[in-house]
2 protein chains.
Amino acid sequence: MADTASQVDGDTGIGALGDIVGFHIRLAHGAVYRHFTETFADLGLTQKQVSVLWLADDHPGIAQIEVGRRIRMDRATTMTIINRLQDRDLMRRERSDSDGRKQALHLTAAGVAALAQAKNAIAAHESWLKSRFTDDEVEKLVEMLTRIHE
Amino acid sequence: MADTASQVDGDTGIGALGDIVGFHIRLAHGAVYRHFTETFADLGLTQKQVSVLWLADDHPGIAQIEVGRRIRMDRATTMTIINRLQDRDLMRRERSDSDGRKQALHLTAAGVAALAQAKNAIAAHESWLKSRFTDDEVEKLVEMLTRIHE
DNA sequence: CGCAAATTGTTAGTATAGCATACAATCTGA
DNA sequence: TCAGATTGTATGCTATACTAACAATTTGCG
């Protein structure tokens, strides 16, 4: 007769760790991250890099600090990501006219093309992720996740 | 009159990025990770390190490969984490009797004490996280996250 | 049984990401 | 006008994740 949770798992599981919500978020994030990386292996872009390209495309001339604020990165981290994108000629910096402290960010032509490809890859990635859920569940999941990160 | 999603955000949001489920998982993970780090600043333990201590305590003599399998890390990554725990005298390696290739992992006395402290900190961290949800919602969230990482 | 293949641990190297600190340039407000 | 805040930049440290290669050991096939 089974008498502990770990034996119910056949002793291949994570035991009481499985009761920790944060642990499940971490595992789910890891699974999504790995699939994302596979999907984007050809493009050679990471989640962060795509997010930054996407934001800069939606908001031409956006400042670095503002990019970081919206996707929850500090200035130093934002720098390294934009440095890489600039080194690969996907993005360029311009001095802001309105505020000399700021850099106005823009995509290059290559950046626009890369983002277009990235959005296709994201569609495939999202299908993989959403295939587990009904539309209602997706909505509920996003709403609950938003409560966490908002 | 608002006419686009980004304007509903008052132009401070993430626009169409907000429709990407994977993006919300990443943001939520980041928020949880940051709160975890704050909660554990005194103890100086990371999520991974606590998970490994926890597993080794639940399963004395567990092999490194098995730890990695259960919390989704490859052998090399598992090595670096256990190296750190061993350097801090929280964990020790022994040759396995049954399989000479394996290391049997055990907590030291200091490791047992650290894990006990960690479990208290996790309780506080989990309260912070769960305070957003009803019990039913927590159950539904964990169930949906499990569908992703299983 | 004996040997090839698989498993486990280890090491080394690379890349991404996050954070702290310090500094310079610029802007803001009292 | 000038002190303080903001923004970008540079540097350094830490944690994580992956690959590739290698050694020791075990497993299983012929």
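Note that the structure is a prediction, hence the values are computed from the model and not measured.

(A) Structural context of the pairing of strand β2 (residues 103–107) of chain A. Residues and elements named next belong to chain A. With four of its five residues buried, β2 lies for the most part within the structure. Sheet topology places strand β1 (residues 91–95) next to β2; five bridges connect them, and they run antiparallel. In the sheet register, arginine 92 faces β2, and the bridge partner there is histidine 106.

(B) Looking closely at the environment of A:Arg132. Summarising the element assignment, A:Arg132 is placed in the loop between α6 (109–130) and α7 (135–149). The contacts of A:Arg132, once residues within four sequence positions are left out, are A:Glu137, B:Arg147 and B:Ile148. A distance of 2.4 Å separates a polar side-chain atom of A:Arg132 from the backbone oxygen of A:Trp128.

(C) Main features of the protein's contact with DNA strand C. Around DNA strand C, a shell composed of 23 residues is seen, among which A:Gly100, B:Gln64, B:Ile65, B:Arg75 and B:Gln103 lie nearest. The sugar and phosphate moieties of DNA strand C supply 67% of its atoms located within 4 Å of the protein. Separating a phosphate oxygen of DNA strand C from a side-chain N or O atom of B:Gln64 is a distance of 2.8 Å. B:Arg75 places a side-chain nitrogen or oxygen 2.5 Å from a base nitrogen of DNA strand C. Among the secondary structure elements, those contributing two or more residues to the surface near DNA strand C are α5 (75–87) of chain A together with α4 (64–71) and α5 (75–87) of chain B. In terms of residues, the surface near DNA strand C owes the most to one element, α5(A), which gives four residues. A class-by-class count of the residues in the surface near DNA strand C yields seven nonpolar, five polar and 11 charged.

Thresholds, definitions, all that
- As a convention, each chain's residues are numbered from 1 in the sequence order in which they are written.
- To label them, take the chains in the order written and letter them from A, then take the ligands in the order written and number them from 1.
- The predicted nature of this model means local features are confined to residues of pLDDT at least 70 and side-chain atom pairs, given and counted, to a pLDDT of 80 or more, with totals for whole chains, interfaces and linings taken over all residues.
- Remark: hydrogens and water are excluded; side-chain values derive from all non-hydrogen atoms of the structure.
- With a 1.4 Å probe rolled over the protein chains alone, any residue whose accessible area is under 20% of its type maximum counts as buried; one over 50% counts as exposed, and the rest are partly exposed.
- Where helices and strands are cited, they refer to DSSP runs of H or I of at least four residues and of E of at least two residues respectively, numbered from the N terminus.
- A pair of strands is treated as paired once DSSP finds two or more bridges between them.
- Residues count as neighbours in contact if any of their non-hydrogen atoms are within 4.5 Å of one another.
- Under the rule applied, a polar contact is a pair of N or O atoms within 3.5 Å (in protein, one hydrogen donor and one hydrogen acceptor; residues adjacent in sequence only if both atoms are side-chain atoms).
- In this text, near means that some heavy atom of the residue lies within 4 Å of the molecule or strand in question.
- Each residue is assigned to one of three groups, with Ala, Val, Leu, Ile, Met, Phe, Trp, Tyr, Cys and Pro labelled nonpolar, Asp, Glu, Lys and Arg labelled charged, and all others, Gly among them, labelled polar.

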